[in-house]
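Residues per chain are reported as follows:
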Amino acid sequence: MSRSPLPFALLVLALLLSAGCRKETTAAAPPPPQEITTGATGRYCGMALSEHNGPKAQILLKSQHEPVWFSSVRDVFAFTLIPEEPKDIAAIYVHDLARAKNWDQPEPGMWVEARHAFFVLGSRKDSAMGAPEAFPFSDEAAAHAFTAAHGGRVVRFAAIREDFVFGDPSSEPISVTPIAPGPSR
């Protein structure tokens with residue numbers, strides 16, 4: 001009695017297809033953040049980033065080599081919400097105020113991927129441009145310590161809505177979901 005090679009061939013084919021699917025779902029690491037250069041200018045204000053105090057932000061697009069710079073962290077949310085802006089975002093980085101020693105001009109290397117950060121909204125501290133700011137922290141406990149000193153609430157990236165970014169700067173954001181203080185890590 002001879003065996004048909006068909007079941008073995010089907011098994012090999014299934015294993016090859018399964019391996020191919022796993023490769024496709026493995027996400028590539030995001031490109032690393034770039035450091036601010038002397039020529040870096042804010043996307044919306046057109047001014048040199050060095051002329052602004054406070055945390056900055058950058059978006060790395062798949063379609064270009066240079067980052068899109070922002071003189072205010074709040075502006076990075078505007079970029080993601082404006083339909084006319086490019087959507088081929090490879091990474092979004094914001095200054096990490098949990099690690100920075102100098103909040104006015106954070107040191108090189110003080111970046112955190114924005115979608116992993118904790119943001120303080122509605123604090124008594126404004127951006128260098130005098131507008132409400134989203135203050136970013138890599139550490140949730142540091143964000144809550146900031147709110148204890150300056151007021152505000154802690155939220156994640158996905159909770160920041162249009163009413164905070166484009167709304168009346170004097171009004172409180174109404175669409176954010178605060179994060180309750182968690183246990184210290």
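In short, a report on the structure. Predicted model, so just to flag it, every value in this text is computed and none were measured.

Scoring rules and cut-offs
Residues numbered from 1 in each chain as written. Predicted model: local features only at pLDDT ≥ 70, side-chain atom pairs only at ≥ 80, totals over all residues. Heavy atoms only, no water. Helix = DSSP H or I, 4+ residues; strand = E, 2+ residues; numbered from the N terminus. Buried < 20%, exposed > 50% of the residue type's maximum accessible area, 1.4 Å probe, protein only. Polar contact = N/O pair within 3.5 Å; in protein donor to acceptor, adjacent residues only side chain to side chain. Contact = heavy atoms within 4.5 Å. Salt bridge = Lys/Arg side-chain N within 4 Å of Asp/Glu carboxyl O. Pairing = 2+ DSSP bridges. Axes fitted to C-alpha atoms, helices over the stretch in contact; angles between N-to-C directions.

The topology assignment puts Trp111 in strand 4 (residues 111–113). Using a relative accessible area of 8% as the deciding quantity, one classes Trp111 as buried. Note: C-alpha distance between Trp111 and Pro55 (56 residues apart in sequence) is 9.7 Å. In terms of polar contacts, Trp111 uses its side chain to reach the side chain of Glu35, at 3.2 Å.

This brings us to helix 2 (residues 73–81). Every buried residue belonging to helix 2 is among Val73, Arg74, Val76, Phe77, Ala78 and Phe79, and all of these are buried. Each element contacted by the buried residues of helix 2 is listed here: strand 1 (57–61), strand 2 (68–70), strand 3 (89–95), strand 5 (118–121), strand 6 (135–137) and helix 4 (162–166). Its side-chain oxygen placed 3.2 Å from the backbone nitrogen of Arg74, Ser72 serves as the N-cap of helix 2.

The next point concerns the pattern of salt bridges. Two side chains bearing opposite charge may form a pair once their charged atoms approach each other closely. Tallying each qualifying case throughout the model produces three salt bridges. Between Asp96 and Arg99 there is a salt bridge whose closest N-O contact spans 2.8 Å. Exposure remark for Asp96: the relative accessible area of 1% places this residue in the buried category.

Attention now moves to the sheet that holds strand 6. Taken in spatial order, the three strands line up as 6-5-7 in an open sheet, and their pairing is antiparallel. The strands lining the two open edges of the sheet, one partner per strand, are strand 6 and strand 7 (153–156). Put simply, the sheet's adjacent strands are angled 35° from each other on average, direction ignored. Note: strand 5 against strand 7, four bridges, orientation antiparallel. Residue pairing for strand 7: Phe119 is matched across the bridge by Val155.

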